[in-house]
Amino acid sequence: GEDVEQSLFLSVREGDSSVINCTYTDSSSTYLYWYKQEPGAGLQLLTYIFSNMDMKQDQRLTVLLNKKDKHLSLRIADTQTGDSAIYFCAEKEGGKLIFGQGTELSVKP
Amino acid sequence: GAVVSQHPSWVICKSGTSVKIECRSLDFQATTMFWYRQFPKQSLMLMATSNEGSKATYEQGVEKDKFLINHASLTLSTLTVTSAHPEDSSFYICSAAPGGSYNEQFFGPGTRLTVL
């Protein structure tokens, strides 16, 4: 089946930028997504990018898509302690969301 | 925005009992609902897709007789874990998609199931 991979942990200092990376395998994915999950909670859609775009910016969030390398990244500018959470990238395949393993972002004051 | 609720938020039960988890779309109609399972520090694994008024479609390896899904209305889907065992302990998350599976999914807050 299709696979979505992420690094498991990222630690940054408050005020720094965070970059979370993801690779996917389904080249036919139309949309790629970033979700945030806080402890004991469900998933919150942060942003998504259409496959014909290279970049999308939404306030502190910047998504970069490299279709050739099937690489997706999420940059969080001016990272705050409230950004500490697990971040999942996901691709949509046949109407189903396929999630990566999640990257645990730890923001230190 | 679109809100999805789950009830209960957590449940502890004895081995061998059945547990029902509800997923409701509060302010929209959900043609399709999805049930996921998440183990600690792991990703969400899709268990099944349910469309209102029809039988759920289960992912490979998911026992449909053990995880009963009912999607009787456009705002409610239920997951019943039958004869629960400790290995069924997990975090169960539902999502709902207005207008079908190709639309955006809105996620519930999850239900923590602990089977003793």
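No experiment lies behind these values; they were computed from the predicted model shown.

Trainee: Is there a simple way to explain the state of the cysteines in this structure?
Mentor: When the sulfur atoms of two cysteines share a covalent bond, that bond is a disulfide. This model, assessed by the stated rule, comprises two disulfides over all chains. Sulfur-sulfur distance for the disulfide between Cys 22 of chain A and Cys 89 of chain A comes to 1.9 Å. Between Cys 22 of chain A and Cys 89 of chain A, the disulfide has an S-S torsion of 70° and is therefore right-handed. Here Cys 22 of chain A is found in strand E3 (residues 18-24), whereas its partner Cys 89 of chain A is found in strand E9 (residues 85-93), with 67 residues between them in sequence. With a relative accessible area of 3%, Cys 22 of chain A lands in the buried category. The exposure class assigned to Cys 89 of chain A is buried, which follows from its relative accessible area of 0%. A disulfide bridge connects Cys 23 of chain B with Cys 94 of chain B, and the sulfur atoms are separated by 2.0 Å. In this structure, the disulfide formed by Cys 23 of chain B and Cys 94 of chain B twists by about 80° around the S-S bond and is classed as right-handed.

Trainee: Help me understand the interface of chain A and chain B in this model?
Mentor: Where the parts come together, the accessible area they lose is often given as the size of the interface. Facing the 17 residues of chain A at the interface are 19 residues of chain B. In this structure, the connection of chain A to chain B is made through one salt bridge. Residue Glu 59 of chain B pairs with Lys 96 of chain A through a salt bridge whose shortest N-O separation is 2.8 Å. For the side of chain A that touches chain B, a count of residues per class yields seven nonpolar, seven polar and three charged.

Trainee: Just to check I follow, could you spell out the pattern of salt bridges for this structure?
Mentor: A side chain with one charge can pair with a side chain of the opposite charge if their charged atoms come near. Residue and element names in this part refer to chain B. By the definition in use, this model includes six salt bridges over all chains. For Glu 22, the salt bridge goes to Arg 24, with nearest N and O atoms at 3.5 Å. Owing to a relative accessible area of 22%, Glu 22 belongs among the partly exposed residues under this scheme. Using a relative accessible area of 34% as the deciding quantity, one classes Arg 24 as partly exposed. Two residues, Lys 66 and Asp 88, come together in a salt bridge whose shortest N-O distance is 2.9 Å. Here the residue Lys 66 occupies a position in the loop between strand E6 (57-58) and strand E7 (67-73), and Asp 88 occupies one in the loop between strand E8 (76-81) and strand E9 (90-97), the gap between them amounting to 22 residues. In this structure, Lys 66 and Asp 88 share a single accessibility class: buried.

Trainee: Any chance you could explain the sheet that holds E3 of chain A here in plain terms?
Mentor: As a general point, the strands of a sheet are linked pairwise by backbone hydrogen bonds and lie either parallel or antiparallel. Residues and elements named next belong to chain A. As summarised here, the arrangement of the five strands in space is E1-E3-E8-E7-E6, forming an open sheet in which the pairing is antiparallel. Because the sheet does not close on itself, it has two edges, and the strands there are strand E1 (4-6) and strand E6 (55-58). Shown here is a sheet whose adjacent strand axes are inclined to one another by a mean of 15°, direction ignored. Of the strand pairs in this sheet, E6 and strand E7 (residues 61-66) are connected by four bridges, and their pairing is antiparallel. Residue pairing for E7: Met 55 is matched across the bridge by Leu 64.

Trainee: Explain the nonpolar core to me, please; I cannot follow it from the model alone.
Mentor: Most often, soluble globular proteins keep nonpolar side chains buried together rather than apart. By size, the foremost hydrophobic cluster in this structure holds 23 residues, and its most contacted members are Trp 35, Leu 79, Tyr 92 and Leu 113 of chain B. Contributions of two or more residues to this core are made by strand E2 (10-13), strand E3 (19-25), strand E4 (32-38), strand E5 (44-51), E7, E8, E9 and strand E11 (111-115) of chain B. Setting aside residues up to four positions removed in sequence, Leu 79 of chain B forms contacts with Val 19, Lys 20, Ile 21, Trp 35, Phe 67, Leu 68, Ile 69 and Tyr 92 of chain B. With 20 residues, the next largest nonpolar core counts Ile 49, Leu 61, Ile 76 and Cys 89 of chain A among its residues.

Calculation notes
- Residues numbered from 1 in each chain as written.
- Chains lettered and ligands numbered in written order.
- Predicted model: local features only at pLDDT ≥ 70, side-chain atom pairs only at ≥ 80, totals over all residues.
- Heavy atoms only, no water.
- Disulfide = S-S within 2.5 Å.
- Helix = DSSP H or I, 4+ residues; strand = E, 2+ residues; numbered from the N terminus.
- Buried < 20%, exposed > 50% of the residue type's maximum accessible area, 1.4 Å probe, protein only.
- Contact = heavy atoms within 4.5 Å.
- Salt bridge = Lys/Arg side-chain N within 4 Å of Asp/Glu carboxyl O.
- Nonpolar A, V, L, I, M, F, W, Y, C, P; charged D, E, K, R; others polar.
- Pairing = 2+ DSSP bridges.
- Axes fitted to C-alpha atoms, helices over the stretch in contact; angles between N-to-C directions.
- Core = buried A, V, L, I, M, F, W, Y, C linked by side-chain atoms within 4.5 Å.

This is a description of form; function is not addressed.
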